[in-house]
Amino acid sequence: MTRPHVVIIGSGFGGLFAAQALAKAPVDVTLVSRTASHLFQPLLYQVATGILSTGEIAPATRDILAKQENATVLLSEVTSINLTSRVVVAEKLAKTTVLKYDHLIVAAGAGQSYFGNDQFATFAPGMKTIDDALELRARIFGALEMAELTESENERRSLLTFVVVGAGPTGVEMAGQIAELTHHTLRKSFKRIDTASARVILLDGANAVLAPFGPRLSAAAQKVLENAGVEVRLGALVTNVDAGGLDVKFADGSTERITATCKVWAAGVQASPLGRTLAEQSGAELDRAGRIAVLPDLTLPGHPEVFVLGDMISLDKLPGVAQVAIQGGRYAAKKIAGEVTGHPVTEPFKYVDKGSMAVISRFGAITKMGRIELTGFIAWAAWLFVHILYVVGFKHRVTTLLHWVIAFIGSSRSERVTTEQQLVGRLAVQQLGADFQPTIGGTLHPGKITGD
Ligand SMILES: Cc1cc2nc3c(=O)[nH]c(=O)nc-3n(C[C@H](O)[C@H](O)[C@H](O)COP(=O)(O)OP(=O)(O)OC[C@H]3O[C@@H](n4cnc5c(N)ncnc54)[C@H](O)[C@@H]3O)c2cc1C
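What you see is a predicted model; the values in this text were computed from it and never measured.

## Examining the pairing of strand β4 (residues 77-82)
In step 1: Sheet analysis places β4 next to strand β5 (residues 87-92), joined by five bridges and oriented antiparallel. Across the sheet, residue Val78 finds its bridge partner in β5, namely Ala90.

## Topic: the site of the ligand
In step 1: As a matter of local geometry, the ligand sits amid 33 residues, with Gly10, Gly12, Gly14, Gly109 and Gly310 nearest to it.
In step 2: Among the elements of the structure, α1 (13-21), β2 (28-33), β4, α7 (169-185) and α10 (322-340) are those that each provide at least two residues to the shell around the ligand.
In step 3: Looking at the shell around the ligand, its residues break down into 15 nonpolar, 14 polar and four charged.

## Focus on the nonpolar core
In step 1: Of all hydrophobic cores here, the largest spans 79 residues; its most connected members are Val165, Ala175, Ala221, Leu225 and Ile366.
In step 2: The leading source of residues in this core is helix α5 (residues 130-149), at nine residues.
In step 3: When residues no more than four places from it in sequence are discounted, the contact partners of Ala221 are Val172, Val209, Leu210, Ala358, Ile360 and Ile366.
In step 4: By size, the runner-up hydrophobic cluster in this structure holds 53 residues, among which are Phe17, Val27, Val78 and Leu274.

## Notes on the packing of α5 against helix α13 (residues 420-432)
In step 1: Two numbers describe how α5 lies on α13: the axes approach to 8 Å, and their chain directions differ by 120°. As judged from the angle between their axes, α5 and α13 are oblique. Between α5 and α13 lies a crossing whose hand is left-handed. Two secondary-structure elements touch here, α5 through Asp131, Leu134, Glu135, Arg137, Ala138, Arg139 and Gly142 and α13 through Gln422, Leu423 and Arg426.

## Side note on the environment of Ala243
In step 1: Counting through the fold element by element, Ala243 comes out in the loop between β12 (236-242) and β13 (245-250).
In step 2: According to the C-beta neighbour criterion, Ala243 is exposed, with 9 such atoms within 10 Å.
In step 3: Spatially, the C-alpha atom of Ala243 lies 6.6 Å from that of Thr261, the residues being 18 residues apart in sequence.

## Brief notes about α10
In step 1: If you check α10, its first and last C-alpha atoms are 27 Å apart, about what 19 residues at 1.5 Å a residue would give, namely 27 Å.
In step 2: Backbone geometry just after α10 places Gly342 at a positive phi near 80°.

## Re the pairing of β13
In step 1: For β12 and β13, the ladder comprises six bridges, and the chain directions are antiparallel. Residue pairing for β13: Leu237 is matched across the bridge by Lys249.
In step 2: What sits between β12 and β13 in their antiparallel hairpin is a turn of two residues.
In step 3: Looking at chain direction, β13 and strand β14 (residues 255-259) are connected through five bridges and run antiparallel. Residue Val248 lies in a different strand from β14, and its bridge partner there is Glu256.

## A closer look at the sheet that holds strand β21 (residues 356-361)
In step 1: Reading across from one edge, β21-β22-β23 is the order of the three strands in this open sheet, with antiparallel pairing throughout. In this open sheet, the two edge strands, each paired with only one partner strand, are β21 and β23 (372-375). Across the sheet, the axes of successive neighbouring strands diverge by a mean angle of 5°, strand direction being ignored.
In step 2: Of the pairings in the sheet, the one linking strand β22 (residues 364-369) to β23 comprises four bridges and is antiparallel in character.

## What to know about the domain arrangement of the chain
In step 1: Domain annotation of the chain identifies domain 1 (5-34 + 76-112 + 270-341) and domain 2 (118-267 + 362-409).
In step 2: One C-alpha centre belongs to domain 1, the other to domain 2, and the line joining them spans 32 Å.

Thresholds applied
Residues numbered from 1 in each chain as written. Predicted model: local features only at pLDDT ≥ 70, side-chain atom pairs only at ≥ 80, totals over all residues. Pairing = 2+ DSSP bridges. Helix = DSSP H or I, 4+ residues; strand = E, 2+ residues; numbered from the N terminus. Near = placed C-beta within 6 Å. Nonpolar A, V, L, I, M, F, W, Y, C, P; charged D, E, K, R; others polar. Core = buried A, V, L, I, M, F, W, Y, C linked by C-beta atoms within 7 Å. Buried ≥ 20, exposed ≤ 12 C-beta atoms within 10 Å, placed from the backbone. Contact = placed C-beta atoms within 7 Å. Axes fitted to C-alpha atoms, helices over the stretch in contact; angles between N-to-C directions. Parallel < 35°, antiparallel > 145°, perpendicular 65-115°, else oblique. Left-handed = near helix turned anticlockwise from the far one by under 90°. Expected span 1.5 Å × (residues − 1). Domains from an automatic or database assignment.

Spelled out as structure tokens, the structure:
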């Protein structure tokens with residue numbers, strides 16, 4: 001007898017934890033993802049700033065699920081979902097895969113949003129993928145190398161100005177780390193420039209950094225950032241980004257041009273476009289960030305067999321954090337297992353807030369767990385403990401710890417390899433245009449491909 005087929009889209013927190021939670025259920029699971037790894041996004045900034053290697057935060061999904069007999073992992077990008085015929089179509093390198101499902105879990109996450117100004121992306125990469133982190137690594141360390149080379153004082157000043165847009169956890173962590181790098185870690189590495197003279201500017205349109213943490217922790221975070229040498233500029237709306245810098249409009253109506261070569265965009269998210277496909281077919285609503293309104297049991301209206309999780313959903317103002325995706329994945333798996341074994345789960349999804357934390361500087365962090373608010377070293381130690389727990393695999397935990405010892409106690413960065421491809425790859429592919437369809441086994445020409 002054939003067993004029910006569960007198709008899971010995405011190998012992030014929602015998708016992976018759902019697959020693992022189905023290990024003992026009498027179902028066959030196919031996890032299809034456009035990346036071959038499970039990405040631990042909260043540590044991307046440490047790849048960008050030379051602390052961790054990519055392998056530590058992105059282990060191969062098929063290795064994680066290798067011992068799970070009912071799970072198959074496919075590398076492919078889902079391009080369409082048909083809710084009526086219960087079919088998912090995925091494409092990779094001109095290979096089309098068609099998957100029929102009995103139950104579907106969609107956990108395709110979110111991308112960067114430039115709030116309608118996608119042209120900013122050319123000059124200010126976001127921070128969502130391994131590609132983004134490696135490009136940023138190349139841009140940050142590359143700016144310092146170019147500053148060492150240039151004879152022009154103006155150019156040097158621009159190369160030694162780093163601007164991070166968005167004072168949420170990602171922006172705060174990035175700005176804190178760039179300040180740490182330039183003001184301390186790399187000071188003795190360069191001979192012609194003083195990296196400590198670098199300006200690190202953090203911009204946000206709101207009036208507080210890390211606003212969701214509440215006023216006390218927000219103020220504490222701002223103080224730690226400023227002590228670390230970050231210029232925090234709030235009420236600052238970015239109106240333009242180009243190769244030479246940014247234009248900013250402040251809450252009091254004043255405007256300013258900031259000259260900076262290296263810009264990082266850490267503001268705004270846009271849910272996966274698969275949300276729109278699902279909304280059009282089910283009648284569910286989408287919010288401005290493209291998140292789909294799911295029912296309290298995380299299913300689509302009229303489709304109890306389709307679950308949507310994590311960053312793709314809007315439900316009870318749940319935040320876009322890893323725990324929402326993890327707990328959603330486990331809940332969807334429990335519902336499916338209950339249904340196929342004749343023990344239906346009737347309770348709605350209930351999110352348990354386990355708290356949130358952000359690292360700001362070496363040994364400086366903020367942590368909020370219910371009413372408990374921690375700052376300083378204790379918060380940093382709590383951050384260290386929790387993150388090491390969630391890094392997947394014993395070997396990765398050991399090497400991550402080792403890299404943290406090197407970076408935080410030894411004050412050095414061992415993962416600083418950058419390549420020209422990392423620096424220009426994204427923009428080069430964009431310039432090749434829509435005709436560019438890479439394929440393995442064929443002959444590649446810009447904009448034209450022959451072979452299979
Ligand atoms: C830089 C950064 C820092 C963060 N820091 C924190 C933090 O400190 N704490 C916290 O709790 N949260 C943090 N978050 C948020 C957290 O990472 C997300 O909430 C979480 O990853 C959401 O899980 P998800 O499963 O919904 O999506 P994701 O983890 O993004 O996974 C989406 C998956 O879907 C795949 N996919 C996308 N489109 C397709 C497609 N068409 N076909 C096939 N596969 C597809 C992707 O490859 C990926 O595997 C951070 C996020 C970022 C970007």
